[in-house]
Amino acid sequence: MAEVIEWLEDGTPYSPRFGDRYRSELGGLAQSREVFLQGCGLPDAWAGQPQWRILETGFGLGLNFLVTWQAWKADPQRPRLLHFVSTEAYPASADDLLRAASAHSELMPLAQQLQAQCWGLLPGVHRLVFEGGQVLLSLCIGDTKAVLREQHFEADSVYLDGFSPSKNPDIWDIHTLKAVARCCRRGTRIASWTIARAVLDGLSQCGFTVQKTPGLPPKRDNLQGEFDPRWEPRKAMSFTPVLPSSCVVIGAGLAGAAVAASLARRGWQVEVLDTHREPAGGASGLPAGVLAPHVSPDDSLLSRLSRCGVRATWQQVQALLQPGSDWQACGVLERRLDGSAGLPANWPEAGRAWSETAGPQQLAQAGLSASGGPACWHQRAGWIKPARLVQALLAQPGIRWRGGMAAARLQRDPGNGDGSWQVFDAQERCLAQAGMVVLAAGHASGRLVIGGLPLQAIRGQISWGLHAGLKTAAGLPSFVVNGHGSLIPCVPTDAGLTWLAGASFERDQDSTQPRPADQLANAKRLQTLLPATAQVLEPAFQNGTAGAWAGVRCASPDRLPLAGPVDPVGQAGLWVSTAMGSRGLTFAVLCGELLAARLHGEPLPLEQRLAQALSPQRFRA
């Protein structure tokens, strides 16, 4: 539930829910710097580190994050990666976040970037990306105790914040403090403005050594401490993080390019091999694809995963590609031809920032009537040219692309005791060698794994044509429509404005040759999806001027991606990111970040239970 904020006469934000101010009488900037940043020994403590992970209880109006981000930007010894994980049960609106920062002009450029990404904050984890992926904010929406159970990382610093213990006792109780302690390593420093006796005693009970320090007037004291329990703490992570090294990624489609980019941003040297002579030579060569969240009445696992993926993809697309030519956030109208409403009952305002029931105007623009059945309108959706995204991802520093390299076999280097992998082609030539291999070659990935992977090839054919070949384009909507196949009405190409319709879905088929029967099937789908548009495009299908493109996608038995280590014991160092199905644009970037986060012991870009649903281990005995 979003928080309603009142603004006092002096400009101080106030919470009616908790009956408390958001910041001290002297303003929040000094409190953020002196109580939290300096209280945790920052920025000195993070100097020269590859990454730094901060946990905050109570995001509030985001001031602690903005101050920490500002300090990171100003520090020449800053870590390569700054992770800021913050919990919040009642997120403020994006406008209130900006208004709260407006008193501090030096923070406004950062606050404006934060405001632009603070939308659709439903319960769960939302990964917001800044500074080209070097500053990562994980907003965990929900009760602090519950959301911290979904995080498995070791914080380097903890900002213990929130409304006064007398106003909001739940965020300071012993169960919350235990949840915080589970996310700490020995030596993690903690800071807070409160010295309430119950908090001091609770922290001591949870393994922190704490002391009072001089406070920021009018407060006499603040709290500082360190996690140093008398017992050996249980590790938050199930394996030891690795240092950046060398990696071979097999596959240069969306999945492989996303993995390579995520690792390269963390300092890896990545070699990307692919059978094709150019990147995106397989299914990612689709002329244009649809990016839209999945919706369901019960807000299913797939629906929640898709929102994480859509947010991750848009962040990369907006940073790397040209709007209008490479992508367009035009919105997507989804027809629910099975008659279901699609959206959960009592869908909150934050959900409507993602998707809502389609209105009469949107239906009319698509040539549909309100009596044609339910439909959803996806706000944060549109079309993308996958190949352009692949090229931009592979252009990141630290990545070397090599085409025409058909991997046929993997083996551990018998003459090297470091466990490195060698990649061989069918003629037994060694193509590459590295300490780690990531398989991202679609359904071909399974052939390179001992014991295989349960991957299924799925052929898809789309139909396309030029606007110049139409008598009129008046019957085409201005946005993407999907639900029974899809229509992308207007994509700029070298040949001119193009429409795309499809696609077929043929299991266990790996041919990329266009088939006339599939053209007819696409026309039939379009007649069901958009009868008025199908009439406009019918001549192109009938006279054979409609072109065709076919590619082979890859899916798992449960239609969810595989992202993680194949076999941590028997095949250590061999990871996989594949089985994106028809949602490569939705899942590839997210899976690349998930894989990198697991390797480095970082906070995950999504809840732990969602991440577990993508583990390759779910299909291995």
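Residues numbered from 1 in each chain as written. Predicted model: local features only at pLDDT ≥ 70, side-chain atom pairs only at ≥ 80, totals over all residues. Heavy atoms only, no water.

Caption draft 1: Molecular detail of helix α7 (residues 197–205). All of the buried residues along α7 are Val199, Leu200, Gly202 and Leu203. The buried residues of α7 all sit within an arc of 165° when viewed along its axis, so they share a single face. In α7, the exposed positions that point more than 90 degrees away from the buried face belong to Arg197, Ala198 and Gln205. Tucked into the core, α7 has its buried residues touching β8 (155–160), α6 (174–182), β9 (184–192), β10 (208–214) and β11 (221–227). Remark: glycine 207 follows α7 within two positions and exhibits a positive phi of approximately 105°. (Buried < 20%, exposed > 50% of the residue type's maximum accessible area, 1.4 Å probe, protein only. Helix = DSSP H or I, 4+ residues; strand = E, 2+ residues; numbered from the N terminus. Arc of directions from axis to C-beta. Contact = heavy atoms within 4.5 Å.)

Caption draft 2: Just the state of the cysteines, in detail. Following the criterion strictly, the structure yields zero disulfides and no others. Cysteine 183 carries a free sulfur, and the closest cysteine sulfur to it, the one in cysteine 184, is 6.9 Å from it. Judged by relative accessible area, which is 2%, cysteine 183 ranks as buried. No disulfide involves cysteine 247; its nearest neighbouring cysteine sulfur is the one of cysteine 430, lying 15 Å away. (Disulfide = S-S within 2.5 Å.)

Caption draft 3: Structural view of the pairing of strand β13 (residues 269–273). By the criterion of burial, β13 is predominantly enclosed, with four of the five residues buried. Bridge count between strand β12 (residues 246–250) and β13: five bridges; the pairing is parallel. Its bridge partner lying in β13, serine 246 is registered against glutamine 269. Following the backbone out of β12, through helix α8 (residues 254–265) and into the adjacent parallel β13, one traces a crossover that is right-handed. Pairing analysis gives four bridges linking β13 to strand β20 (residues 399–402), with the strands arranged parallel. (Pairing = 2+ DSSP bridges. Right-handed = clockwise from strand over helix to strand, strands pointing away.)

Caption draft 4: Quick peek at the sheet that holds strand β31 (residues 562–565). Pairing is mixed across the open sheet formed by six strands, whose spatial order is β20-β13-β12-β24-β32-β31. The open sheet has two free edges, formed respectively by β20 and β31, since each of these has just one partner strand. This sheet shows a mean twist of 20° between the axes of neighbouring strands, independent of strand direction. Of the pairings in the sheet, the one linking β12 to strand β24 (residues 436–439) comprises four bridges and is parallel in character. Across the sheet, the residue bridging to valine 249 is valine 438, located in β24. (Axes fitted to C-alpha atoms, helices over the stretch in contact; angles between N-to-C directions.)

Caption draft 5: View of the pattern of salt bridges. Considering all chains together, one arrives at 27 salt bridges under this definition. Note that arginine 33 and glutamate 106 form a salt bridge whose closest N and O atoms lie 3.7 Å from each other. With arginine 33 in helix α1 (residues 28–37) and glutamate 106 in the loop between α3 (94–101) and α4 (108–117), this pair connects stretches of sequence that are 73 residues apart. Here the salt bridges share partners, and the residues they tie into one network are Arg127, Arg265, Arg266, Glu593 and Glu602. (Salt bridge = Lys/Arg side-chain N within 4 Å of Asp/Glu carboxyl O.)

Caption draft 6: Structural detail: the sheet that holds strand β6 (residues 124–130). Spatially, the eight strands line up as an open sheet ordered β6-β7-β5-β4-β8-β9-β11-β10, and their pairing is mixed. Two strands lie at the open edges of the sheet, namely β6 and β10, each paired on one side alone. Going from strand to strand, the sheet's axes swing by 20° on average, the running direction of each strand aside. As judged from the seven bridges shared by strand β4 (residues 51–57) and strand β5 (residues 81–88), these two strands associate in the parallel manner. By the bridge assignment for β5, arginine 53 is matched with histidine 83. Across the sheet, α4 lies against β6 and β7 (135–141), angled at about 140° from β6, the strand it touches most.

Caption draft 7: Spatial organisation of a positive patch on the surface. Together, Arg149, Lys178, Arg182 and Arg234 make up a region of like positive charge exposed at the surface. Tracing the backbone shows arginine 234 in the loop between β11 and β12. (Patch = residues over 30% accessible without salt bridge, like charges linked within 9 Å, V, L, I, M, F, W, Y side chains within 5 Å. Areas by Shrake-Rupley, 256 points an atom, 1.4 Å probe, with all protein chains shown as cover. Lys, Arg positive; Asp, Glu negative; His and termini not counted. Charge placed at Lys NZ, Arg CZ, Asp CG, Glu CD.)

Caption draft 8: Molecular detail of the packing of α3 against α4. α4 packs onto α3 with a crossing angle of 175° between their chain directions and a minimal axis gap of 9 Å. If you check the angle between α3 and α4, you find them roughly antiparallel. Along its contact with α3, which presents Ala94, Asp95, Leu97, Leu98 and Ala101, the element α4 presents Met108, Ala111, Gln112, Leu114 and Gln115. Within the contact of α3 with α4, the residues separate by chemical class into seven nonpolar, two polar and one charged. (Parallel < 35°, antiparallel > 145°, perpendicular 65-115°, else oblique. Nonpolar A, V, L, I, M, F, W, Y, C, P; charged D, E, K, R; others polar.)

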